[in-house]
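# Coordinates in review
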Amino acid sequence: MNTKEIIKLGDKYLMRNYGRIPLAPVEGDGARLWDADGKEYLDFVSGIAVNALGHCNLAVVDAICDQAKKLIHCSNLYYIEPQALLAKMLVENSVMDKAFFCNSGGEANEAAIKLARKYAKVKHGPDKFEIITALESFHGRTLATITATGQPKYQKGFEPLPEGFKYVPFNDLKALEEAVGPATCAVMLEPIQGEGGVNVATQEYMDGVKKICRKAGALLIFDEVQTGIGRTGRLFAYEHYGVKPDIITLAKALGGGFPIGAMLARGDAAKIFQPGDHASTFGGNPLACAAALATLEEIIEGEVVEYTNAVGEILYNKLLELWGKYDFIKDVRGKGLLLGMELEIEGKKIVDGCLEKGLLINCVGGNVLRFIPPLIVSSTEVKQAVGIIDEVMARLKKN
Ligand SMILES: *Cc1c(COP(=O)(O)O)cnc(C)c1O
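Below or above, wherever it landed, is the structure these notes cover.

Definitions and limits used
Residues numbered from 1 in each chain as written. Predicted model: local features only at pLDDT ≥ 70, side-chain atom pairs only at ≥ 80, totals over all residues. Heavy atoms only, no water. Helix = DSSP H or I, 4+ residues; strand = E, 2+ residues; numbered from the N terminus. Buried < 20%, exposed > 50% of the residue type's maximum accessible area, 1.4 Å probe, protein only. Pairing = 2+ DSSP bridges. Axes fitted to C-alpha atoms, helices over the stretch in contact; angles between N-to-C directions. Contact = heavy atoms within 4.5 Å. Phe/Tyr/Trp six-rings, centres within 6.5 Å; stacked < 30°, edge-to-face > 60°. Core = buried A, V, L, I, M, F, W, Y, C linked by side-chain atoms within 4.5 Å. Near = heavy atom within 4 Å. Polar contact = N/O pair within 3.5 Å; in protein donor to acceptor, adjacent residues only side chain to side chain. Areas by Shrake-Rupley, 256 points an atom, 1.4 Å probe, with all protein chains shown as cover. Expected span 1.5 Å × (residues − 1). Arc of directions from axis to C-beta.

Bringing unusual backbone geometry into the picture now. Here the amide bond leading from E159 into P160 is cis, since omega sits at 0°, within 30 degrees of zero. Its location among the elements puts P160 in the loop between α6 (143-148) and β6 (165-168). Located in the positive-phi region is S46, a residue other than glycine, with phi close to 55°. The residue S46 is located in helix α2 (residues 46-49) in this model. Residue class for S46 comes out buried when judged on its relative accessible area of 0%.

Spelled out as structure tokens, the structure:
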């Protein structure tokens, strides 16, 4: 099928819950994608920070094929070797003690919310159940996670929402201090808010959050669904801050493109769940875990995190050059290869212009361009991408 035919078919048979761009990718390799009409694109979206090793990384493809021939699914009624190996790898490379596996970021956060509630019930009694999250956050699309998400647009129309969530402005310690009380069981934050506009937590904020949580007997949950697995130039974003969360959640890049989510916990929190407390039919299945194992092995043994730091700096500096050139650019921020460029104009114009010239970027919150290429993107590809953005911006400035 060509692009037109695929779009027609999708429009006829799929629910209209996505505002889709009229592009139908059919093949990928590294940081490159091809659509159904054979047009090539440089992919600086990576399936929204999913394809960390680029499209169709050979080690990941081989791991999936090999595992698929052996055992795809069995159930958590039994012990699963790749699941135990993946848990070991995540634990040994983080400050966490134990893992639970699921299939997405929303599910990982749902599990974290349930763990925090249960922990507080067991340790402190029935009245400690409130979860504080940040405004402009994003935690998923299940009923509990849209409630955790501090943006009304995701909640509208789905009321009544679950009780026990409270919101505070991000990077505002005083507001958090005032919001936290004896009823607070957890504070849940993204170290860098991805969907909310690439907003980076300050060191001072993270230090303060940790102190406030400790004083209140509240668990600190980091939603690292987007920031985890090397994206920010560390394997996990909490490493930038030297702050140990009690729980972290992962998904997006964890399976190198294959769906898998994880919730990791530390200390007493890791021991709370008992048989029957939480479960997932597909969570931690052999195939997903084999894909994640291969992805993590590549990232850790291939020193991808170090590489991401270096190439991220090249991209950051190139974006700074653009900032110096165009006065409609308001800010450039982020860490590693999770970078944002805030504009005084609508981002869609730039995104559309880039699409036409064969570059995929995306825009969050209406006016922040987000750059999330594969972690293995080459410096040549970075220069190419910024060249295209420059052309699009120059044309816009002229008109
Ligand atoms: C994408 C994302 C989620 C939701 O993940 P899904 O896999 O779509 O459920 C949750 N939190 C953050 C920070 C995300 O970026």
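A few words now on the sheet that holds strand β17 (residues 368-371). Spatially, four strands are ordered β13-β14-β17-β16 in an open sheet, and the strand pairing comes out antiparallel. Each edge of the sheet is formed by a strand with only one pairing partner; in this case those strands are β13 (329-335) and β16 (362-364). Pairwise comparison of adjacent strand axes, ignoring direction, gives a mean angle of 30° for this sheet. Where helix α11 (residues 304-325) meets the sheet, its contacts fall on β13, β14 (338-343) and β17, and the angle it forms with β13 comes to roughly 170°.

This part takes up the packing of aromatic side chains. In this structure the tally under the stated criterion is four aromatic pairs. With a centroid separation of 5.7 Å and an interplanar angle of 5°, the aromatic rings of F236 and Y238 are classed as stacked. Assigned by exposure class, F236 and Y238 land together as buried.

Let's shift gears to the nonpolar core. By size, the foremost hydrophobic cluster in this structure holds 84 residues, and its most contacted members are L90, M341, I350 and M393. In terms of residues, this core owes the most to one element, helix α10 (residues 286-301), which gives eight residues. Once residues within four sequence positions are removed from consideration, M393 is found in contact with L322, Y326, F328, I329, M341, L343, I350 and L369. Counting residues in each nonpolar core, the second largest holds 25 residues, with F165, C185, L219 and A269 among its members.

Turning our eyes to something else, we now look at the site of the ligand. Close contacts around the ligand come from S104, G105, G106, N109, F138, H139, G140, E190, D223, V225, Q226 and K252, and that covers them all. Residue F138 places a main-chain N or O atom 3.2 Å away from a nitrogen atom belonging to the ligand. Q226 is positioned such that a nitrogen or oxygen atom in its side chain is 2.8 Å from an oxygen atom of the ligand. Coverage of the ligand by the protein chains reaches 80% of its 380 Å² of free accessible surface.

This next bit is on helix α3 (residues 58-70). Its 13 residues place the ends of α3 18 Å apart at the C-alpha level, agreeing with the 18 Å of an ideal helix rising 1.5 Å per residue. When α3 is considered as a whole, its buried residues turn out to be V60, A63 and Q67. Buried residues of α3, seen end-on, are gathered within an arc of 60° and therefore sit on one face of the element. Turned more than 90 degrees away from the buried face of α3, the exposed residues are L58 and K69. The inward-facing, buried residues of α3 abut α4 (81-92) and α10. Capping of α3 at its N-terminal end is provided by N57; its side-chain oxygen lies 3.0 Å from the backbone amide nitrogen of A59.

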